[in-house]
Amino acid sequence: MSSAVGAMTFEETNQAVQVEYRMALHRRLSARARQRVSLEAEEARDLVFAEEAGIWRDHGYVSMLEYMERELHYGPHAATERLRVANELFELPLLAEKFRNGEVPFSVVREVTRVAVPENEHEWLASTEGKTARQVERMVSGLAKGAAPDDRPDPRLERHRIVLEVDGEHYAKWLAYRTGLDDERGERVDDNALVDSIAAPSGDGVGRPCLHAVTTCRVCKQSAFVAGGIEVPLTEAGRERLLCDSAEVGDLESERPAPLKPNIPSPTRRKVFIRDRFACVVPGCRSRRHLDLHHVIFRSRGGTHAMCNIVVICSAHHARAHEGLLVITGRAPDALVFEFRRSGEDEPHLVLTSAPVVFEAVDDEDSVPRGTEAEPVPQAS
């Protein structure tokens, strides 16, 4: 006879044991995760007390951050973030309580403390509940301190991290390129300008294949930079800068094919690069690479594609021009005025004029500089 009816077989018993084993593992791991988060919350509180007490002085260190690196084994960035979050939590009691209870992990607390204030921390706690750290990171990207979860991000505040892993030879090349760019610009180039220099067309005016685009929503009128599978919102200044020298492809939702339409006519583009000697026209700038075309009078303000309204400019000065930190007025090529302004100030702190350009006496009003042969230049894409 077989075993009694209702009795579990060996296989069924074995499966039940395995399920219970996995559940026990899950309970232990979950409990330890909550304990770990609670310990991190306790550490955050003690870090603030330790900083206020100047604990690092007793151990011969020069700062709290050095103490954290050597005694608590944090890296420089992690130490800075831990200390920042610890101080922020004293102003956010609701978030701090959930952190102490092990309900919200440090990775989420780190992101929420970038934007939350006492008046809206309950909104942030509700909107981030159940979300991963990566999701919360995307939520706070582009938001200023004090912003609400449903506020519209400011593209100027959004940051994206780029990580490169190369061998020693290519690391040396990277350092040489970075140093050379600093020397060329005469200043320390920030990361945005560095990427512009890599992605910009080459200095001979020949464009690279089009790997990016600017789109504008017909409903909300928000423009975005599209490249590499992502879409990033643009400021108005960023949009104008990118559209200075571009080509229109037409309505993306239309089935009707449209020919590529350069905003600046190709013959004009070639002549401007030749006239300006394939170099940035800003006095004192040594850039001969990473060049754009710029409208002296912006297109949005009625500027035309006349050669007298277009100049060659490096990507760094181009960005400053559209941010209002460099104001270019006059008539190209030899009647230009360059006003350098500081952020938040209306009056320029430095005013320069373009060097005179000598031209051959020819009939064509779009003549080129003396001694320069107007050889055909390949059209940029």
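### Here we look at the sheet that holds strand β8 (residues 326–331)
Point 1. Taken in spatial order, the 3 strands of this open sheet run β8-β9-β10, and their pairing is antiparallel. On the outer flanks of this sheet lie β8 and β10 (350–353), each paired with one strand and no other. Geometrically, the sheet is characterised by an average inter-axis angle of 15° between neighbouring strands, direction not taken into account.
Point 2. The pairing of strand β9 (residues 335–340) with β10 spans 4 bridges and is antiparallel. Within β10, the residue paired with F338 across the bridge is L352.

### Things to note about the packing of aromatic side chains
Point 1. All told, the structure shown has 4 aromatic pairs when counted by the stated rule.
Point 2. Their ring planes at 70° and their centres at 6.0 Å tell us that F49 and F90 sit as a pair that is edge-to-face. With F49 in helix α1 (residues 10–53) and F90 in the loop between α3 (76–89) and α4 (93–100), the pair connects residues that are 41 residues apart, well separated along the chain.
Point 3. Take F49: its relative accessible area is 41%, and that puts it in the partly exposed class.
Point 4. If you follow R82 out to its NZ or CZ, it ends over the ring of F106, 3.8 Å from the centre.

### Brief notes about unusual backbone geometry
The phi angle of most residues is negative, glycine excepted, and most peptide bonds adopt the trans form.
Point 1. Cis geometry is adopted by the peptide bond preceding P333, which originates at A332 and carries an omega value of 5°.
Point 2. The topology assignment puts P333 in the loop between β8 and β9.
Point 3. A positive phi angle, close to 65°, is found at H73, a residue other than glycine.
Point 4. Among the secondary structure elements, H73 is positioned in the loop between α2 (64–71) and α3.
Point 5. Using a relative accessible area of 67% as the deciding quantity, one classes H73 as exposed.
Point 6. Located in the positive-phi region is R277, a residue other than glycine, with phi close to 60°.
Point 7. One can find R277 in the loop between α11 (266–275) and β6 (291–295).
Point 8. Look at R277 and you get partly exposed, because its relative accessible area is 47%.

Here is what the cut-offs are and how they apply
Going along each chain's sequence as written, the residues are numbered from 1 onward. The predicted origin of the model limits local features to residues at a pLDDT of at least 70 and limits the giving and counting of side-chain atom pairs to 80 or more, whereas totals for whole chains, interfaces and linings rest on all residues. Just so you know, side-chain values use all the structure's heavy atoms and leave hydrogens and water out. In this analysis, strands are considered paired if DSSP registers two or more bridges between them. Numbering of helices and strands runs from the N terminus, with a helix taken as a DSSP run of H or I at least four residues long and a strand as a DSSP run of E at least two residues long. Axis angles are defined between N-to-C directions and span 0 to 180 degrees, where every axis is a line fitted to C-alpha atoms and, for a helix, only to the segment in contact. Stacked, edge-to-face and tilted labels apply to pairs of Phe, Tyr and Trp rings (six-membered ring for Trp) whose centres lie within 6.5 Å, assigned for plane angles under 30 degrees, over 60, and everything in between, in that order. For every residue, the accessible area (1.4 Å probe, protein chains only) is compared with the maximum for its type, and the residue is labelled buried under 20%, exposed over 50%, or partly exposed between those bounds. Note on criteria: charge over ring means Lys NZ or Arg CZ within 6 Å of the ring centre, with the direction from the centre no more than 35 degrees off the ring normal.

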